[in-house]
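Listed here are the chains, written in short residue letters.
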Amino acid sequence: MTILKGVALLVLAFVYTVTLEGLARKITARIQRRYGPPFWQNFIDIFKGLTKHSISHGFIFDFGLLMAFGGTVATVLFIPAGNLVVFPGLDNVFVVIYLLAIGLLGMAMSSVGSGNPNAGIGIGRALTQMLGYELPFMIVLLGVFFQYRNSSLSDLARMQIESGNYNAIVMPIGALVAFISLLGMLGKKPFDSFIAPAEIASGPLVEYSGKYLGMLLIQHSFATFIEVGMFVNLFLGGGRNIWEFLLKFFIVYFLAVIISAIMPRFRVEQAVKFYWKWPLILSFVQVLIVISVSGR
């Protein structure tokens, strides 16, 4: 049963996220007064890439790609999707963050292994920006853990549903900080300097082609599912069933897409300065409120 649930969650994550990414390209184009590709174009790009040959740049390049793909797929299995929970009670937030880091480090290792300077610049920017958004995000998470004395994603979602109070309402400042951090995780504007297509030719992705590019597009879809899914479970109570979870996922993802479509791009140093200013201050304020209200 666990294997079947795992396969079902992976299929759901792939089909739903790739579909949303296709719709996001269309919506972004319409906001910018362009026509845009059909929403199924992302499926065509992925499956066409998987049928083509790839160019390898050595063992580190190949191994890092497999590490990124494997780490991200393993992380998806720990994201509850409504009542579809593969590992109930074991989906600890720290496990998710640790496994996701393996995928990100694999991606960094593979891209740098290509030897392309644009890839190195992109990875450098991505890791620098990660230092910016991880700090306020982790402080907000500490407030959530302190409030519930629990760090399991499925348990946190269940407790919000049973109490009828979602963390987005109980901890609005923390939810705002987490959403701003989510924009950085997703690489949405104004925090997309590490891919900047017109500046560094998509940065980390610049040397991938064929099957490797297809695998990275799938890995990116899974990473999006993990990051948005964490936010939905932590601050919107997950869902009583899959459909409720997917609806909340849809709203959060397209809010990020619309913001991204109308915002300019920060330079990486501007992004870090921003995250270490207002989001960091607000995260401390949220934690102090949680501690004072809890009376502990």
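These numbers were taken from a predicted model, which means no experiment stands behind them.

Caption draft 1: Structural context of the pattern of salt bridges. Evaluated as defined, the whole model comprises eight salt bridges. R25 is paired through a salt bridge with D45; the nearest N and O atoms lie 3.5 Å apart. Note that R25 is positioned in helix α1 (residues 2–31) and D45 in helix α2 (residues 41–50), a separation of 20 residues in sequence. The closest approach of N and O atoms between D192 and R265, which form a salt bridge, is 2.9 Å. With D192 in the loop between α8 (172–186) and α9 (197–200) and R265 in the loop between α11 (242–262) and α12 (268–275), the pair connects residues that are 73 residues apart, well separated along the chain.

Caption draft 2: Just the nonpolar core, in detail. Ranked by internal contacts, the top residues of the largest apolar core, which has 63 residues, are F225, M230 and L234. With ten residues, the top contributor of residues to this core is helix α10 (residues 210–235). Leaving out residues up to four positions away in the same chain, L234 has contacts with V93, F137, L141, L153, L156, Q160 and N167. Grouped together as the second largest cluster of nonpolar side chains are eight residues, F61, M107, Y208 and L216 included.

Caption draft 3: The environment of L205, seen in detail. You can see L205 is positioned in the loop between α9 and α10. Take L205: its relative accessible area is 33%, and that puts it in the partly exposed class. The spatial distance from the C-alpha of L205 to the C-alpha of L142 is 34 Å, given a sequence separation of 63 residues. Apart from the residues within four sequence positions on either side, L205 is in contact with M107 and L216.

Caption draft 4: Highlighting unusual backbone geometry. A cis geometry characterises the amide bond from K189 onward to P190, with omega recorded as 10 degrees. With respect to the element layout, P190 can be found in the loop between α8 and α9. A positive phi angle, near 60 degrees, is found at R33, a position not held by glycine. With respect to the element layout, R33 can be found in the loop between α1 and α2. Accessibility expressed as a relative area gives 82% for R33, which makes it exposed. The backbone of R149 sits at a positive phi, close to 55 degrees, despite the residue not being glycine. Checked against the element boundaries, R149 lands in the loop between α5 (117–148) and α6 (153–163). Overall, the relative accessible area of 55% leaves R149 in the exposed class.

Caption draft 5: The arrangement of a nonpolar patch on the surface in detail. Side chains of I27, I31, I258, I262 and M263 sit close together on the surface and give an oily, nonpolar patch of about 410 Å² of accessible area. For the nonpolar patch, the secondary-structure elements that each account for two or more residues are α1 and α11. Position of I27 among the secondary structure elements: in helix α1. With relative accessibility at 32%, the residue I27 sits in the partly exposed group.

Caption draft 6: Molecular detail of the packing of aromatic side chains. Summed over the entire model, instances satisfying the criterion amount to 22 aromatic pairs. Ring geometry for F245 against F249: centres 6.1 Å apart, planes inclined by 55 degrees, an arrangement best described as tilted. Of this pair, F245 and F249 both sit in helix α11, four residues apart, roughly one helical turn. The class of F249 is buried, set by a relative accessible area of 0%. When the centroid spacing of 6.0 Å and the interplanar angle of 55 degrees are considered together, the rings of F266 and F274 count as tilted.

What counts, and at which threshold
- Residues numbered from 1 in each chain as written.
- Predicted model: local features only at pLDDT ≥ 70, side-chain atom pairs only at ≥ 80, totals over all residues.
- Heavy atoms only, no water.
- Salt bridge = Lys/Arg side-chain N within 4 Å of Asp/Glu carboxyl O.
- Helix = DSSP H or I, 4+ residues; strand = E, 2+ residues; numbered from the N terminus.
- Core = buried A, V, L, I, M, F, W, Y, C linked by side-chain atoms within 4.5 Å.
- Buried < 20%, exposed > 50% of the residue type's maximum accessible area, 1.4 Å probe, protein only.
- Contact = heavy atoms within 4.5 Å.
- Patch = residues over 30% accessible without salt bridge, like charges linked within 9 Å, V, L, I, M, F, W, Y side chains within 5 Å.
- Areas by Shrake-Rupley, 256 points an atom, 1.4 Å probe, with all protein chains shown as cover.
- Phe/Tyr/Trp six-rings, centres within 6.5 Å; stacked < 30°, edge-to-face > 60°.

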